[in-house]
Amino acid sequence: MEQNDFQQSLAIVIDVLQAKDITAIPKVKDFLYSLPSLKQIEQALAAALLHFAERDKSVFDWIVLYQDQFCPELDLFAFTRNVVRTRLCDKGWVQGRDFWFDLRNILHMSRALSVNFPDYFSSSELILVRTMLKIEVSVQGGTRE
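Definitions and cut-offs
- Residues numbered from 1 in each chain as written.
- Predicted model: local features only at pLDDT ≥ 70, side-chain atom pairs only at ≥ 80, totals over all residues.
- Heavy atoms only, no water.
- Pairing = 2+ DSSP bridges.
- Helix = DSSP H or I, 4+ residues; strand = E, 2+ residues; numbered from the N terminus.
- Axes fitted to C-alpha atoms, helices over the stretch in contact; angles between N-to-C directions.
- Contact = heavy atoms within 4.5 Å.
- Parallel < 35°, antiparallel > 145°, perpendicular 65-115°, else oblique.
- Nonpolar A, V, L, I, M, F, W, Y, C, P; charged D, E, K, R; others polar.
- Salt bridge = Lys/Arg side-chain N within 4 Å of Asp/Glu carboxyl O.
- Buried < 20%, exposed > 50% of the residue type's maximum accessible area, 1.4 Å probe, protein only.

Caption draft 1: Local environment of the sheet that holds strand β1 (residues 99-101). Strand order across the open sheet formed by three strands is β1-β2-β3, with mixed pairing between neighbours. Pairing within the sheet leaves two strands with one partner each, and these edge strands are β1 and β3 (134-138). Pairs of neighbouring strands in the sheet enclose a mean axial angle of 20 degrees, with direction left out of account. Bridge count between β1 and strand β2 (residues 106-110): three bridges; the pairing is antiparallel.

In structure tokens form, the structure reads like this:
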């Protein structure tokens, strides 16, 4: 898909979600099925979420409140864990040693990682991570996955 088409779709999604109308969520998802892949549907919903994280906290909080309505196209917990995994692994941190997730959506991290943790994320991603995951700093690294 052309970047311009994606931006136009994203603008429509942002416009519709701003109204905070739960009945509009299935309509937005149906509209996005015109995109070529499920990955692009997830990307559009995630981009809208990150837009609101930085620009309109009330809409962001509404999306988080109704996150189950966005599944399976966008699973907020899975998306958030993937953002964390990608950002940290790209910086050389090792999942299972320097950080890991437990089944209660708690992000455990080593003290060494915690020092610069916020620097690895955009401001909207950091808002998302801090909203979706509880963060605990361990005295020492772990070996959990």
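Caption draft 2: Quick look at the environment of Ala-53. One can find Ala-53 in helix α3 (residues 38-55). Filtering out sequence-adjacent residues up to four positions away, Ala-53 remains in contact with Phe-60, Ser-124 and Ile-127.

Caption draft 3: Quick peek at the packing of helix α1 (residues 3-17) against helix α2 (residues 24-32). The interhelical angle for the contact between α1 and α2, taken along N-to-C directions, is 175 degrees, at an axis separation of 10 Å. If you check the angle between α1 and α2, you find them roughly antiparallel. Of the residues in α2, those in contact with Ser-9, Ile-12, Val-13, Val-16 and Leu-17 of α1 are Ala-24, Val-28, Phe-31 and Leu-32. Grouping the constituent residues of the contact of α1 with α2 by class yields eight nonpolar, one polar and no charged.

Caption draft 4: Local environment of the pattern of salt bridges. Here the structure, examined in full by the defined rule, presents seven salt bridges. In this structure, Glu-73 engages Lys-29 in a salt bridge whose closest nitrogen and oxygen atoms are separated by 2.8 Å. Here the residue Glu-73 occupies a position in the loop between α4 (57-65) and α5 (76-90), and Lys-29 occupies one in helix α2, the gap between them amounting to 44 residues. Here Arg-104 and Asp-102 are joined by a salt bridge, their closest N and O atoms 2.8 Å apart. Take Arg-104: its relative accessible area is 63%, and that puts it in the exposed class. Relative accessible area serves as the criterion here: at 17%, Asp-102 is assigned to the buried category.

Function cannot be inferred from these measures alone, as they are strictly geometric.
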